[in-house]
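Spelled out, the chains give:
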Amino acid sequence: DAGVIQSPRHEVTEMGQEVTLRCKPISGHNSLFWYRQTMMRGLELLIYFNNNVPIDDSGMPEDRFSAKMPNASFSTLKIQPSEPRDSAVYFCASILGGGGEQFFGPGTRLTVL
Amino acid sequence: KQEVTQIPAALSVPEGENLVLNCSFTDSAIYNLQWFRQDPGKGLTSLLLIQSSQREQTSGRLNASLDKSSGRSTLYIAASQPGDSATYLCAVCTGNQFYFGTGTSLTVIP
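Residues numbered from 1 in each chain as written. Chains lettered and ligands numbered in written order. Predicted model: local features only at pLDDT ≥ 70, side-chain atom pairs only at ≥ 80, totals over all residues. Heavy atoms only, no water.

Trainee: Can you break down the state of the cysteines residue by residue, with the values?
Mentor: Cysteine pairs can be covalently joined through their sulfur atoms, and such a bond is termed a disulfide. Per the counting criterion, the structure on display carries 2 disulfides over all chains. Between the sulfur atoms of Cys23(A) and its disulfide partner Cys92(A) the distance amounts to 1.9 Å. Between Cys23(A) and Cys92(A) the sulfur-sulfur dihedral comes to about -65°; the bridge is accordingly left-handed. Taken together, the positions of Cys23(A) in strand S3 (residues 19-24) and Cys92(A) in strand S9 (residues 88-95) put the pair 69 residues apart, joining distant regions of the chain. Across the pair, Cys92(A) and Cys23(A) agree in class, each one buried. Here Cys23(B) pairs with Cys90(B) through a disulfide, and the sulfurs are 2.0 Å apart. The chirality of the disulfide connecting Cys23(B) with Cys90(B) is right-handed, given an S-S dihedral of about 80°. (Disulfide = S-S within 2.5 Å. Helix = DSSP H or I, 4+ residues; strand = E, 2+ residues; numbered from the N terminus. Buried < 20%, exposed > 50% of the residue type's maximum accessible area, 1.4 Å probe, protein only.)

What follows is the structure, given as structure tokens:
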């Protein structure tokens, strides 16, 4: 298996623009997680899905952030409009079953100018 | 809410030394604990997963232990090598929630 796949790997955009990050979990995994990592705040859980259904989005910072998982093999995290403070590395991770081993993607480094 | 702490934040050791990284958590009601390695500019790589019913797990030069009652886990690295230099994070799982420590940055000096 190719592991968790994320795209793009790097994104540079201007303040106010819409940003869409993409994730393909490991085939067969039924839970997917979106994280954000910054030097100041470390690794923060934004939202997670179980069987394509959003379970907990309490970590989503504000309404500008939204996430979808239309099927078991694809998820998106959208920021609209983007702001400079959204600059961070965004990771996607997946697990097989509750309490399983978590596998991370390579991350998307987002820079908002 | 579960809080996870890793001490020290940074550690520098000469090559060949054995070392221990610490992870503590406040709520002992966990499903499992996972140790990760993160290289600069990279994602997290899973090292070891310890289920709540287990006391330790081993993989090569790595050994992780878990003491739920005291809320502690340790990652033991034997015969450290420069290639072990990275940030090591622990994550506690409570159901489908994962709580991460802030990591220990390890430098192994040749």
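Trainee: Can you break down the environment of Tyr99(B) residue by residue, with the values?
Mentor: Relative to the assigned elements, Tyr99(B) resides in strand S10 (residues 97-100). C-alpha separation for the pair Tyr99(B) and Gln54(B), spaced 45 residues apart in sequence, amounts to 19 Å.

Trainee: Which residues make up the sheet that holds strand S1 (residues 5-7) of chain A, and what values go with them?
Mentor: Residues and elements named next belong to chain A. The strand order across the open sheet built from 4 strands is S1-S3-S8-S7, with neighbouring strands paired in antiparallel fashion. Either end of the sheet is taken by a strand with one partner, and the two such strands are S1 and strand S7 (65-71). Across the sheet, the axes of successive neighbouring strands diverge by a mean angle of 15°, strand direction being ignored. Here S3 pairs with strand S8 (residues 74-79) via 5 bridges, running antiparallel. Pairing of Val-19 across the sheet is with Ile-79, part of S8. (Pairing = 2+ DSSP bridges. Axes fitted to C-alpha atoms, helices over the stretch in contact; angles between N-to-C directions.)

Trainee: Give a description of the side chain of Asp86(A) that names residues and reports values.
Mentor: Residue and element names in this part refer to chain A. Its location among the elements puts Asp-86 in the loop between S8 and S9. Residue class for Asp-86 comes out buried when judged on its relative accessible area of 1%. Looking at Asp-86, its side chain comes within polar contact range of the main-chain nitrogen of Glu-83, at 2.8 Å. Excluding its chain neighbours within four sequence positions, the residues that come into contact with Asp-86 are Arg-36, Arg-64, Phe-65, Ile-79, Pro-81, Leu-110 and Val-112. (Polar contact = N/O pair within 3.5 Å; in protein donor to acceptor, adjacent residues only side chain to side chain. Contact = heavy atoms within 4.5 Å.)

Trainee: Give me the layout of surface pockets: which residues, what numbers.
Mentor: By volume, the largest pocket is sized at about 660 Å³. Gln37(A), Thr38(A), Met39(A), Gln38(B) and Gly41(B) are the residues nearest the centre of the largest pocket, which is lined by 32 residues in total. Listed by contribution, the elements that provide at least two residues to the lining of the largest pocket are strand S4 (31-38), strand S5 (42-50) and S9 of chain A together with strand S9 (86-94) and strand S11 (104-109) of chain B. It is S11(B) that provides the largest number of residues to the lining of the largest pocket, a total of 4 residues. Per-class residue counts for the lining of the largest pocket are 12 nonpolar, 15 polar and 5 charged. Its boundaries defined by the atoms lining it, the second largest pocket holds a volume of some 490 Å³. As for the second largest pocket, its lining consists of 22 residues, and the residues nearest its centre are Leu43(A), Glu44(A), Leu45(A), Lys1(B) and Tyr99(B). Those elements giving two or more residues to the lining of the second largest pocket turn out to be S4 and S5 of chain A together with S10 of chain B. Of all the elements, S5(A) adds the most residues to the lining of the second largest pocket, at 6 residues. For the lining of the second largest pocket, the class distribution of residues is 9 nonpolar, 7 polar and 6 charged. (1 Å grid on protein atoms, 1.4 Å probe; cavity = no way out; pocket = protein on both sides within 12 Å on 5 of 7 lines; lining within 4 Å. Points joined across faces, edges and corners; volume = space filled by probe spheres on them. Nonpolar A, V, L, I, M, F, W, Y, C, P; charged D, E, K, R; others polar.)

Trainee: Requested: an account of the sheet that holds strand S8 (residues 72-77) of chain B, with residues and values cited.
Mentor: Residue and element names in this part refer to chain B. The strand order S1-S3-S8-S7-S6 describes an open sheet built from 5 strands, whose pairing is antiparallel. The strands lining the two open edges of the sheet, one partner per strand, are strand S1 (4-7) and strand S6 (56-59). Neighbouring strand axes in the sheet, compared pairwise and without regard to direction, differ in orientation by 15° on average. Across 6 bridges, strand S7 (residues 62-67) lies against S8 in antiparallel orientation. Each bridged residue has a counterpart across the sheet, and for Ala-64 the counterpart in S8 is Leu-75.

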